[in-house]
Every structure is written in C-alpha cells, then in structure tokens.
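The chain contents come next:
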Amino acid sequence: DSGNRNTCPTPSQSAKALAVMVAPDPTQKFRIAHIALEAMQDQPRHRALDIGCAVGRTSFELARGGFDDVTGIDFSARFINLADELVNQGLIRYALTDEGDLQSFREVSLVQLGLDACVSNVSFWQGDACNLKDLHCDYDLVVAANLIDRLYDPDKFLADIGSRIVSGGVLVVASPYTWLEEHTPRSKWLGGYKKAGERYTTYDALAENLAADFVPFGQPRDVPFVIRETARKFQHTISQVTCWKRR
C-alpha cells in the first residue's frame, strides 16, 4: 500500500490506507515499526527514514519510539497531502465503501492513536525511492515497507540505500514479493524466477544485492496485513520482514 506507483492512488485507495492506519492494533504498520525499533537495540535514534510511507503510521510510530527526526517519503502526492494534514490538523475524516454505492464515514485521530505528542519530530516529502534527493542521508534507520515490489528499478534503490545509512545503522525491508509487470518490468524483478535452473527468491536477491554494505541479522519473519475492500471483503497479504545492519 505504499511505494512508487505508475498511477496515483484513487480517493478509495487513500481511504483504505487511512483505514489501515486506524485498524485495531497490532496493524502491520504498527508491527513493522516495532520490529524496526527492536532491531535498533541500543543504537542511537537520531534520524529515521520511512520510504514508501503511505499516510504515515510507521513514521509516527518511529517518532513515538524515540527518534528525534523521522522523514516519511512516498511517491504519491495524495498520500503525502493526507500525512501532512494529520500533522497540521491531527484529524482526518474519510468515507469507506460498505457495499455498492453505500458508504460509512470514519475518522483518524492522532490523539486517539496516542501519536499527537510526536508530530514535531515527523516530516513528509513526496519523492521517488529510486531517485532520492541528496539531503536524505545519514539515517540510523531506514524502513522500506511494501515497497520494493512496486518500484520500477528495485536494483537501483538497493544499490543506493546503503550510502544513506550510517555505519551500524539498520535497514528493514518488508514485502510480499508480489512481482507484477504493471509496476516492475520483468527484467527488473529481484527474484521469483529460475536462475541457472534453480529457484531464485527475492530474499536470495536481497542477500546478494545488499552483501557489500550490509550484514543480515535476526531471522526473516512473516507479518500479515489486511486491507478492507468493502464491509465484507478484505484483502489478506503476508509480508516477509528482514533486517540488515550497515557495515
């Protein structure tokens, strides 16, 4: 639900992203943020980057978890506008489809989520994960959740991200590895195919592409998430979460 897209999210998709943000804990965004915070151990918590931030739940959770400066970046200007509205207003009202043309109205409140005290530590930017600005650097933590299988050039992203993390810093990657040509040309898929006659998974590709700059630590873990389509239809997906320490 977050990352570089060839098309902008519709108002309905934006509402779904907001619904994920306020779903009963532990939502996937909540879990991934806490996996990332756990992975930091006693490392400094100065700067964090949430790349593919959608409407910002993970960014806010990282700020609540002690980071002084959290940057959320998403390709979607619509998502960033909603995240900024949460920072500035603390509240967003939105409509969800129940069935057919029938809708119900909801709201997301930073106060209700216990995230209102950390808004001054969070900022949001519209940006391209494969072409980040030079100012996005010196991070102690980078979280890339449900991003890499929506990028037009995931190799480029992985080759660049190490230069933006301090030595000893942490990279957290979460993805269901749903490779689709509508998002990523087949020639750019990280994994999900046969290589030299053997199965080559996205985790294999991550380990290979990140080896020069990172050391994997901890075990990969599966984190489920649910996106509401209508009142009685939900999309259930499982992301694999991996952690990597900068050399």
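Quick notes on the rules
Residues numbered from 1 in each chain as written. Predicted model: local features only at pLDDT ≥ 70, side-chain atom pairs only at ≥ 80, totals over all residues. Heavy atoms only, no water. Helix = DSSP H or I, 4+ residues; strand = E, 2+ residues; numbered from the N terminus. Rg over C-alpha atoms; globule rule 2.2 N^0.38 Å. Buried < 20%, exposed > 50% of the residue type's maximum accessible area, 1.4 Å probe, protein only. Contact = heavy atoms within 4.5 Å. Areas by Shrake-Rupley, 256 points an atom, 1.4 Å probe, with all protein chains shown as cover. Lys, Arg positive; Asp, Glu negative; His and termini not counted. Charge placed at Lys NZ, Arg CZ, Asp CG, Glu CD. pLDDT = per-residue confidence, 0-100. Pairing = 2+ DSSP bridges. Axes fitted to C-alpha atoms, helices over the stretch in contact; angles between N-to-C directions. Polar contact = N/O pair within 3.5 Å; in protein donor to acceptor, adjacent residues only side chain to side chain. Phe/Tyr/Trp six-rings, centres within 6.5 Å; stacked < 30°, edge-to-face > 60°. Lys NZ or Arg CZ within 6 Å of the ring centre and 35° of its normal. Expected span 1.5 Å × (residues − 1). Arc of directions from axis to C-beta.

Helices and strands together make up the secondary structure of the protein, namely 7 helices and 11 strands. Taking 18 Å as the expected radius of gyration for a compact globule of 247 residues, we find that the protein reaches 17 Å, a close match to that expectation. Judged by the C-alpha coordinates and their principal axes, the protein covers about 50 × 40 × 30 Å. Scored against the burial criterion, the 247 residues of the protein give a buried share of 50%. Counting only contacts in the protein whose residues sit at least 6 apart along the sequence, the fraction spanning at least 24 positions is 72%. Carbon and sulfur atoms form 49% of the exposed surface of the protein, whose accessible area is close to 11,400 Å². Charged side chains of the protein number 27 positive and 32 negative; the gap between the two group centres comes to 3 Å.

Turning our eyes to something else, we now look at the confidence of the model for the protein. In the predicted model, the protein carries a mean pLDDT of 92, and 91% of its residues have values of at least 70. Scored below 50 in pLDDT, residues 1–7 makes 34 contacts in the model with residues more than four places away or belonging to other chains.

Where strand E3 (residues 91–99) meets strand E4 (residues 102–109), 8 bridges bridge the pair, whose relative direction is antiparallel. Pairing of leucine 96 across the sheet is with serine 104, part of E4. Counted between consecutive antiparallel strands, the loop separating E3 from E4 contains 2 residues, among which glycine 100 sits at a positive phi close to 55°.

The strand order E5-E2-E1-E6-E7-E11-E10 describes an open sheet built from 7 strands, whose pairing is mixed. With one partner strand each, in any of the chains shown, strand E5 (122–126) and strand E10 (214–230) form the two edges of the open sheet. Pairs of neighbouring strands in the sheet enclose a mean axial angle of 20°, with direction left out of account. Two elements, strand E7 (residues 165–175) and strand E11 (residues 233–246), share 6 bridges in a ladder whose sense is antiparallel. For valine 173, the partnering residue across the bridge sits in E11 and is threonine 242. Against the sheet, helix H3 (residues 57–64) contacts strand E1 (47–51), strand E2 (69–74), E5 and strand E6 (139–145), and its axis sits at roughly 150° relative to E5.

Attention shifts here to the environment of asparagine 121. With respect to the secondary-structure elements, asparagine 121 resides in the loop between helix H5 (110–113) and E5. Using a relative accessible area of 23% as the deciding quantity, one classes asparagine 121 as partly exposed. Counting along the chain gives 54 residues from asparagine 121 to phenylalanine 67, while the straight-line C-alpha distance between them is 7.5 Å. The residues contacting asparagine 121, other than those within four sequence positions of it, are Ala63, Phe67, Asp68, Asp69 and Val70. There is a polar contact of 3.5 Å between the side chain of asparagine 121 and the side chain of serine 120.

Moving on, we get to the side chain of threonine 237. Tracing the backbone shows threonine 237 in strand E11. Relative accessible area serves as the criterion here: at 15%, threonine 237 is assigned to the buried category. With residues up to four places along the chain from it excluded, the contact list for threonine 237 reads Pro176, Val223, Pro224 and Phe225.

Take the packing of aromatic side chains next. For the coordinates displayed, the defined rule picks out 3 aromatic pairs. Ring centres 5.6 Å apart and planes at 40° place the aromatic pair tyrosine 193 and tyrosine 200 in the tilted group. Among the residues examined, tyrosine 193 registers a relative accessible area of 33% and is labelled partly exposed. The cationic tip of lysine 195 hangs over the ring face of tyrosine 200; the distance from NZ or CZ to the ring centre is 4.3 Å.

Here we take up helix H4 (residues 77–89). For H4, with 13 residues, the first-to-last C-alpha span of 18 Å sits near the 18 Å given by 1.5 Å per residue. The set of residues buried in H4 consists of Phe79, Ile80, Leu82, Ala83 and Leu86. Projected down its long axis, H4 carries its buried residues within an arc of 160°, all on one side. For H4, the exposed residues lying more than 90 degrees away from the buried face are Asn81, Asn88 and Gln89. Two residues or fewer past H4, glycine 90 is found with a positive phi of approximately 80°.

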